[in-house]
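Residue-level structural notes
What follows is the residue order along each chain.
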Amino acid sequence: DPAVQDSVRNVLSRLGYAVEELPHSRERTECCSYGGLMWLANREVAETSVQRRITQSPRDYLTYCVMCRDLFAARGKPTLHLLDLLADDVEARTTRPAPGYSQRHENRARLKQTLLRTVWGEDPDRPAAAPPVRLRIDDAVRAMLEDRLILDEDLQRVIEHAERAGADFVDPRTGHRLAHHRPRTVTYWVEYGVEADPEGAVYVVHRAYSHRLQVIEAGRHDR
């Protein structure tokens, strides 16, 4: 859309910024790998696309696609979104980490509720987005969850279900619990531990995975 492309560059000009175009821009712009959901369909090709894109210039990048911004920044490329230029801490924003799969999901839900109240004057009485389960997740596990596209909300649902109905397995050596739950079409498995806290239990997530295979237990028939 040439009009949109021009308007973005006009905004930058009015803000006093000079633009240096990448070798492939405007109608020849290369995808960051989010378009067509390449990052879901073929991770290896998607990673190659991102790496090729961020090495086309040694300068910091500016995008007006939020997914471009987050995918580039997640791989260490200093990148701003157009709206970042309207903030006070522009320099700090070039290296801020991407929000991640769960946080992006939560941000969208929060934005929707804000717009319903402030723009459309609605105040829907909706249930909480996730059960009140407090999680503790270290960086290595968080990276694994991001790679497997598992939301914090998914983990909370499994743990809430397990604590109510009883975990499937408990490792007597570590005390870790292994539980699964199938809230919709996907079954989630979570290995977790429980830590006491004055404000209530904290659930430490050690690993998790999901699958769409549905295991149906056959009934027994007495002869």
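This report concerns the structure included in the present document. In this text, all values refer to a predicted model and were calculated from it rather than measured experimentally. (Residues numbered from 1 in each chain as written. Predicted model: local features only at pLDDT ≥ 70, side-chain atom pairs only at ≥ 80, totals over all residues. Heavy atoms only, no water.)

**What to know about the pairing of strand 5 (residues 177-181)**
Sheet topology places strand 4 (residues 169-170) next to strand 5; 2 bridges connect them, and they run antiparallel. Looking at strand 5, one finds that F169 is bridged to L178. Here strand 4 folds back onto strand 5 in antiparallel fashion, the turn holding 6 residues, of which G175 has a positive phi close to 80°. Adjacent in sequence and paired antiparallel, strand 5 and strand 6 (residues 187-195) are bridged by 5 residues. (Pairing = 2+ DSSP bridges. Helix = DSSP H or I, 4+ residues; strand = E, 2+ residues; numbered from the N terminus.)

**Quick look at the pattern of salt bridges**
According to the stated counting rule, one finds 21 salt bridges in the structure shown. With a closest N to O distance of 3.1 Å, R173 and D171 form a salt bridge. For R173, a relative accessible area of 73% gives the class exposed. A salt bridge links R207 to E191; the shortest N-O distance between them is 2.5 Å. Here the residue R207 occupies a position in strand 7 (residues 202-211), and E191 occupies one in strand 6, the gap between them amounting to 16 residues. In the salt-bridge network here, residues are joined through shared partners; they are D84, D89, R93 and R96. (Salt bridge = Lys/Arg side-chain N within 4 Å of Asp/Glu carboxyl O. Buried < 20%, exposed > 50% of the residue type's maximum accessible area, 1.4 Å probe, protein only.)

**A short note on the nonpolar core**
Grouped together as the largest cluster of nonpolar side chains are 18 residues, with contacts concentrated most on L145, L155, V190 and Y192. Of all the secondary-structure elements, those providing two or more residues to this core are helix 7 (139-148), helix 8 (152-165), strand 6 and strand 7. Broken down by element, this core gets its largest block of residues, 4 residues, from helix 8. Beyond its immediate stretch of four places on either side in the chain, V190 contacts L155, V158, I159, R177, L178, A179, V205, R207 and A208. (Core = buried A, V, L, I, M, F, W, Y, C linked by side-chain atoms within 4.5 Å. Contact = heavy atoms within 4.5 Å.)

**Observations regarding the sheet that holds strand 4**
Ordered by their spatial adjacency, 5 strands build an open sheet running 3-7-6-5-4, and the pairing between neighbours is mixed. This sheet does not close on itself; its edge strands, each paired only once, are strand 3 (134-136) and strand 4.

**Concerning the side chain of T79**
By secondary structure assignment, the location of T79 is in strand 2 (residues 79-81). On the basis of relative accessibility, which here comes to 0%, the residue T79 falls in the buried class. In this structure T79 touches Y61, T63, R69, F72, A73, R93 and T94, once residues within four positions along its chain are discounted.

**What to know about the state of the cysteines**
In this structure the tally under the stated criterion is 0 disulfides. Looking at the unpaired C31, the closest cysteine sulfur is the one in C32, lying at 4.8 Å. C32 forms no disulfide, and the closest cysteine sulfur to it belongs to C68, at a distance of 3.6 Å. (Disulfide = S-S within 2.5 Å.)

**Quick look at unusual backbone geometry**
The phi torsion at R26 lies on the positive side, around 50°, for a residue other than glycine. Considering the arrangement of structural elements, one finds R26 in the loop between helix 1 (2-14) and helix 2 (38-41). Phi at L149 is positive, roughly 55°, even though this residue is not glycine. By secondary structure assignment, the location of L149 is in the loop between helix 7 and helix 8.

**Side note on helix 3 (residues 43-54)**
Residues lying three or four places apart along an α-helix face the same way, a consequence of the helix completing one turn every 3.6 residues. Taking 1.5 Å of rise per residue, 12 residues should cover 16 Å, and helix 3 covers 17 Å from first to last C-alpha, within 8% of that figure. Within helix 3, burial applies to A46, S49, V50, R53 and I54. Buried residues along helix 3 cover an arc of 120° about the axis, so they all sit on one side. At its buried positions, helix 3 is contacted by helix 2, strand 1 (61-63) and helix 4 (66-73). (Expected span 1.5 Å × (residues − 1). Arc of directions from axis to C-beta.)

**Here we look at the pairing of strand 6**
In terms of residue burial, strand 6 counts as a mostly covered element, since 7 of its 9 residues are buried. For strand 5 and strand 6, the ladder comprises 5 bridges, and the chain directions are antiparallel. Directly across from A179, in strand 6, lies its bridge partner V190.

**Concerning helix 7**
Regarding helix 7, the residues found buried are V141, M144 and L145. For helix 7, the angular spread of buried residues about the axis comes to 100°, placing them on one side. Away from its buried face by more than 90 degrees, helix 7 exposes D139 and A140. Measuring from the backbone nitrogen of A140 back to the side-chain oxygen at the start of helix 7 gives 3.2 Å, which picks out D138 as the cap. One or two positions beyond helix 7, positive phi appears at L149, with a value near 55°. (Polar contact = N/O pair within 3.5 Å; in protein donor to acceptor, adjacent residues only side chain to side chain.)

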